[in-house]
Amino acid sequence: MKAIRVHKHGGPDVLTLEDVEIGKPGPREILVRNRAIGVNFVDTDLRSGTFSPPSLPFIPGKEAAGEVVAVGEGVTSFAPGDRVVFVETLGAYAEQSIVSEHFLIHLPDAISYETAAASMLKGLTAQFLLHRTFRVEAGQTVLVHAAAGGVGVVLTQWAKHLGATVVGTAGSPEKLEMARQNGCDYVIDYRREDFAARIRELTAGEGCHVVYDGVGKATFPGSLDCLRPFGYFVSFGWASGLIQPFDPMLLLSKGSLFATSPGLTMHLAKRADVLAMSQELFDAIATGIMKIPSPALASLADAAQVHRRLEARQTTGGTVLLP
């Protein structure tokens, strides 16, 4: 089969299309033919070496949608031909992937492979950010950085449905307009405006209840200045670079703030949570709570070009690779 492999850490050029042997699924594993492959910022982090993969070489990508080809010993809930989607499984940039039963989910007929691949990891991230990390309620004020990005698009719509006042930041007029269309009550160009000052203006000096920050270095520590006393700073991504170590006393001086950096893998540690969180996401899509924009499509062979656009912050919504 064809797959993208990384033999050494580096820029997008280290992504090479190769012929790879896939093998057979082992116990509690499923062989999936990938029809659409999700692209996420974490893919660039693993490629560059910001985060370490289990070994080199490796096949990047952590989510894809397709159908079951074969099942391993002990698998009873999936059969060849089933429409499925998987997350948190390294090796998605390939025509086929072997996936642990734990991270595989039946895909409703109403959701296309492309929509699933563009929204599964991002949607599950939004689910735990809004419902588990900080429970957003009606009447609260929420700041979403990179509101036109992959997670931001879903996060904004879902927070608005929960009754929050949503403020979104973005870095271009086109992205600001997209944030508005997705439900932001207010938008801020964080590259041109003092977003913390603007937040104080919009909230009459009170600040936000929570900041969801997927940008990282470029928006910290300004994000802390957007919070009211006892507010939550939630760091879930580092599109502009990692946040540098800081003195926890900074949280005290800014208003006895809470700061956390949660990850999807831990929230999916139990199979029951994989199923429950996925069903909640599917229901949100089916009922129109969120509308997943049609993703940008590219061939698997163009993965390097896609990574360049992603790292240059030239994308909005989701991007999907087609084998």
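A brief structural summary. Note that the structure is a prediction, hence the values are computed from the model and not measured.

## Considerations on the overall build of the protein chain
For the protein chain, the count of helices and strands is nine helices and 15 strands. Since a compact globule built from 323 residues should have a radius of gyration of about 20 Å, the 20 Å found for the protein chain is in line with a globular shape. If one aligns the C-alpha atoms of the protein chain with their principal axes, the spans along those axes are about 60 × 40 × 35 Å. Counting all 323 residues of the protein chain, 54% fall into the buried class. Taking all contacts inside the protein chain whose residues are at least 6 apart in sequence as the whole, residues at least 24 apart take part in 69%. Approximately 13700 Å² of the protein chain is accessible, and the part contributed by carbon and sulfur atoms is 52%. Averaging the positions of the 29 positive and the 33 negative side-chain charges in the protein chain gives two centres separated by 2 Å.

## Quick word on the nonpolar core
Ranked by size, the top nonpolar core spans 51 residues in total, and within it L155 and Y212 carry the most contacts. Residue assignment for this core shows that the elements contributing at least two residues are α2 (113-133), β8 (141-144), α3 (150-161), β9 (165-170), α4 (173-181), β11 (208-213) and α8 (271-286). Of the residues forming this core, the biggest block, eleven residues, is contributed by α2. Not counting the four nearest positions on each side in its chain, Y212 is found in contact with L129, L130, F134, V136, V142, L143, V144, H145, L155, V234 and F236. Formed by 31 residues, the second largest nonpolar core is a distinct cluster that contains I30, V32, V75 and F78.

## Details of the packing of aromatic side chains
For the structure on display, the rule yields five aromatic pairs. With a centroid separation of 5.0 Å and 55 degrees between ring planes, the pair formed by F134 and Y232 is classed as tilted. In this pair, F134 is assigned in the loop between α2 and β8 and Y232 in strand β12 (residues 227-235), connecting sequence segments 98 residues apart. Given a relative accessible area of 11%, F134 falls into the buried group. Summarising the aromatic geometry, the rings of Y232 and F258 are spaced 4.7 Å apart at their centres and angled 15 degrees between planes, so their arrangement reads as stacked. Taken together, the residues Y232 in strand β12 and F258 in strand β13 (residues 258-260) connect sequence positions 26 residues apart. Residue classification places Y232 among the partly exposed positions, given a relative accessible area of 25%. Judged by its relative accessible area of 40%, F258 is partly exposed. Here a set of aromatic residues connected by ring pairs shows up, and it is made of F134, Y232 and F258.

## Observations concerning the environment of E73
Mapped onto the fold, E73 is located in the loop between β4 (64-71) and β5 (83-86). Taking the C-alpha atoms as reference points, E73 and P27, separated by 46 residues in sequence, lie 4.4 Å from one another. In contact with E73, other than residues within four places in its own chain, are G26, P27 and R28.

Here is what the cut-offs are and how they apply
- Residues numbered from 1 in each chain as written.
- Predicted model: local features only at pLDDT ≥ 70, side-chain atom pairs only at ≥ 80, totals over all residues.
- Heavy atoms only, no water.
- Helix = DSSP H or I, 4+ residues; strand = E, 2+ residues; numbered from the N terminus.
- Rg over C-alpha atoms; globule rule 2.2 N^0.38 Å.
- Buried < 20%, exposed > 50% of the residue type's maximum accessible area, 1.4 Å probe, protein only.
- Contact = heavy atoms within 4.5 Å.
- Areas by Shrake-Rupley, 256 points an atom, 1.4 Å probe, with all protein chains shown as cover.
- Lys, Arg positive; Asp, Glu negative; His and termini not counted.
- Charge placed at Lys NZ, Arg CZ, Asp CG, Glu CD.
- Core = buried A, V, L, I, M, F, W, Y, C linked by side-chain atoms within 4.5 Å.
- Phe/Tyr/Trp six-rings, centres within 6.5 Å; stacked < 30°, edge-to-face > 60°.

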